[in-house]
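# Remarks on the overall topology
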Amino acid sequence: MVRIPEFDVERWMDEYETTPGVLNTAETCVSSVSIEDLWGLSLDKQSSNPINFSTKLLYGPIRGSTVLRGRIASLYNDGGSEEHQGMDADNILITQGAIGANFLLLYTLINPGDHVVCVYPTYQQLYDVPKTLGAEVSLWKLSADDSYVPNIEALHGLVKDNTKMIIINNPNNPTGAPIPTEVLKQIIDFAKSRGIIVFSDEVYRPLFHDLHEPGYVPPRSVATLGYDKTIVTGSMSKAFAMAGIRIGWIASKNKSLIEAIASARDYTTISVSQIDDQLAAYALSPQVLPPLLLRNVGMARRNAALVEEFVNKHSHICSWVKPKAGTTAFIKFTAGGEPVDDVRFCQDLIEKTKVFFVPGSRCFGGGQDFKGYVRIGYVCEEDVLKEALKRLSEYV
């Protein structure tokens with residue numbers, strides 16, 4: 001029997017997020033939208049409708065509708081140059097959330113005896129699932145001194161002759177750090193010279209905080225960097241504020257990888273909900289996507305500034321690397337110059353103030369690393385964050 005370790009962050013969320021009166025600053029999605037909100041954001045309210053109410057509720061297309069898969073593919077075809085093009089609906093496989101996409105991908109491609117390199121800290125699924133599949137995992141440790149950007153020199157000392165896959169998370173959870181394009185290219189060159197698969201969990205893409213600033217060019221997806229052994233996952237949950245519809249995907253220009261995963265998928269998923277599929281396609285339509293991202297990126301920028309104000313005010317007890325993307329910040333709290341007991345800190349905080357954080361050592365460090373760190377999910381409604389920071393300030 002496969003022994004699966006507890007998924008610490010999900011256990012923590014399950015235990016505390018329904019606390020009566022909770023101020024949920026642990027959630028990692030942009031504050032969610034309703035169907036009515038989506039319609040209100042649309043630039044064309046006359047000819048667009050989120051759901052076709054005449055649709056018969058059959059299983060629906062097994063791999064996801066062509067419309068949805070095509071619109072997801074267009075997210076990777078935005079660079080203008082020929083190198084950025086070439087993704088179409090056949091390169092996309094729809095799954096039940098990114099958590100389903102990640103598991104399915106790893107289940108298909110990782111075998112006993114393989115070796116995997118995975119960035120750390122990151123979402124526990126990305127390194128513990130390969131372990132349960134019989135692979136050896138080496139952790140590619142990120143450092144605040146490097147702004148949590150992977151160090152290529154360190155990668156040289158981690159790979160082995162049997163390294164099957166390098167796993168990155170871009171933008172990163174819990175740090176909110178994006179990997180610059182130049183570093184991504186170095187990772188691709190390194191992997192390509194050794195025939196190693198590069199898997200990038202891009203669930204927080206394209207929530208780059210400077211996305212709408214003049215002249216800003218966001219980091220590329222690894223799927224667009226010209227290496228046929230790249231594969232990425234994404235979701236409607238985080239950057240698109242639609243976790244409730246449970247739509248994720250796997251994308252790769254390597255159709256043999258997509259076909260292998262699709263074959264394994266037959267054992268877990270017949271199809272996703274047709275209603276969810278339609279809502280996701282509507283959100284990614286040309287009429288809705290631009291204003292939706294403008295809303296979500298704007299919330300991330302404004303709320304990150306509020307957290308920055310708190311950290312600066314309390315710099316004698318907390319420190320961070322300010323996130324440039326995503327919805328999460330990784331903040332270290334100290335007392336008397338030593339890291340606080342972050343688990344007890346978070347438990348006491350929610351008990352006394354209803355402010356909900358995630359302890360770094362338990363949920364991202366296996367109980368050993370990242371002592372004193374907490375993860376804050378700050379792209380909630382602004383009034384919730386302001387009240388949480390006010391109570392936190394009084395508490396500390």
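An account of the accompanying structure is given in this report. (Residues numbered from 1 in each chain as written. Predicted model: local features only at pLDDT ≥ 70, side-chain atom pairs only at ≥ 80, totals over all residues. Heavy atoms only, no water.)

## Structural notes on the nonpolar core
Rule in force here: As used in this record, nonpolar core signifies buried Ala, Val, Leu, Ile, Met, Phe, Trp, Tyr and Cys residues forming a set joined through side-chain atoms within 4.5 Å. For every residue, the accessible area obtained with a 1.4 Å probe (protein chains only) is divided by the maximum for its type, and the residue is called buried under 20%, exposed over 50%, and partly exposed between those limits. Segments assigned H or I by DSSP are reported as helices when at least four residues long, segments assigned E as strands when at least two residues long, and all are numbered from the N terminus. Between two residues, a contact is recorded if the distance between any of their heavy atoms is within 4.5 Å.
Core analysis: the biggest nonpolar cluster contains 132 residues, and Trp140, Met165, Met236, Phe240, Trp249 and Ile331 have the highest contact counts within it. Here this core takes eleven residues from helix α10 (residues 289-313), the largest share from any one element. Leaving out residues up to four positions away in the same chain, Met165 has contacts with Leu105, Leu106, Leu109, Ile110, His115, Val116, Val117, Ile196, Ile197 and Phe199.

## Let's talk about the packing of aromatic side chains
Selection criterion: The pairing test for Phe, Tyr and Trp rings, Trp by its six-membered ring, is centres within 6.5 Å, and the orientation test on the planes gives stacked under 30 degrees, edge-to-face over 60, and tilted for anything in between.
Counting across every chain of the model gives twelve aromatic pairs. Taken together, a centroid distance of 6.3 Å and an interplanar angle of 50° make the contact between Tyr16 and Phe356 tilted. One end of the pair, Tyr16, is in helix α1 (residues 8-16); the other, Phe356, is in strand β12 (residues 355-356), with 340 residues separating them in the sequence. Each member of the pair Tyr16 and Phe356 is classed as buried. Here Phe103 and Tyr107 contribute two aromatic rings whose centre-to-centre distance is 6.4 Å and whose plane-to-plane angle is 10°, an arrangement assigned as stacked.

## What about the pairing of strand β8 (residues 248-251)?
Note the following rule: Think of it this way: DSSP has to see at least two bridges between two strands before they count as a pair.
Every second residue of β8 is oriented toward a common face, with Gly248 and Ile250 on one face and Trp249 and Ala251 on the other, all of them buried. Bridge count for strand β7 (residues 230-235) against β8 is four bridges, and the pairing is antiparallel. By the bridge assignment for β8, Thr233 is matched with Ile250.

## Some details on the packing of helix α11 (residues 342-353) against helix α13 (residues 382-395)
What counts, and what does not: Every axis in this analysis is a line fitted to C-alpha atoms, fitted for helices over the stretch in contact. Angles between the N-to-C directions lie between 0 and 180 degrees. These descriptions rest on fixed angle ranges, namely under 35 degrees for roughly parallel, over 145 for roughly antiparallel, 65 to 115 for roughly perpendicular, and the rest for oblique. We call a crossing left-handed when the near helix sits turned anticlockwise from the far one by less than a right angle, and right-handed when that turn is clockwise.
Running from N to C, α11 and α13 cross one another at 110°; their axes reach a closest spacing of 11 Å. By the angle between their axes, α11 is roughly perpendicular relative to α13. When you trace α11 past α13, the crossing you get is right-handed. For the pair formed by α11 and α13, the contact residues are Phe345, Asp348, Leu349, Lys352 and Thr353 on the first element and Arg391, Leu392 and Tyr395 on the second.

## Quick look at the environment of Val384
Summarising the element assignment, Val384 is placed in helix α13. Overall, Val384 belongs to the partly exposed group, its relative accessible area being 24%. Distance from Val384 to Val22, taken between C-alpha atoms, is 9.7 Å for residues 362 residues apart in sequence. Not counting the four nearest positions on each side in its chain, Val384 is found in contact with Leu23 and Asn24.

## Notes on the layout of surface pockets
Which entries qualify depends on this criterion: With a 1 Å grid laid over protein atoms only, a set of points is called a cavity when a 1.4 Å probe fits there but cannot get out and a pocket when it is open yet has protein on both sides within 12 Å along at least five of seven lines; lining residues have an atom within 4 Å of a point. Grid points are joined across faces, edges and corners, and a volume is the space filled by probe spheres set on the points. Put simply, Ala, Val, Leu, Ile, Met, Phe, Trp, Tyr, Cys and Pro go in the nonpolar bin, Asp, Glu, Lys and Arg in the charged bin, and everything else, Gly too, in the polar bin.
In this model, the largest pocket occupies a volume close to 420 Å³. For the largest pocket, the lining is made up of 23 residues, of which Glu10, Thr28, Ile99, Tyr123 and Lys238 are closest to its centre. Contributing elements (two or more residues each) for the lining of the largest pocket: α1 and α4 (97-109). Among the elements that line the lining of the largest pocket, the one with the most residues is α4, at four residues. A per-class count over the lining of the largest pocket returns nine nonpolar, seven polar and seven charged. Taken as a whole, the second largest pocket spans an internal volume of roughly 350 Å³. Partitioning the lining of the second largest pocket into residue classes produces twelve nonpolar, three polar and four charged.

## Remarks on the sheet that holds β8
In space, the seven strands of this open sheet follow the order β2-β8-β7-β6-β5-β3-β4, with mixed pairing throughout. In this open sheet, the two strands that pair with only one neighbour each are β2 (92-95) and β4 (136-141). Neighbour-to-neighbour, the strand axes of this sheet turn through a mean angle of 20°, independent of strand direction. Sheet strands in contact with helix α3 (residues 66-74) are β2 and β8, and its direction is about 115° off that of β2.

## Thoughts on the side chain of Asn91
With respect to the helices and strands, the residue Asn91 is situated in the loop between α3 and β2. With residues near it in sequence (within four places) discarded, Asn91 still touches Gly86, Ile250, Ala251, Ser252, Lys253, Lys255 and Ile258.

## What about α1?
Heads up, the rule is: Starting at the helix axis, one direction is taken to each C-beta atom, and the arc is that of these directions.
Along α1, the residues that are buried comprise Val9, Trp12, Met13 and Tyr16. All buried residues of α1 fall inside an arc of 100° around its axis, so they share one side. In this structure, the buried residues of α1 make contact with α11, β12, β13 (358-359), α12 (360-364) and β14 (373-377).

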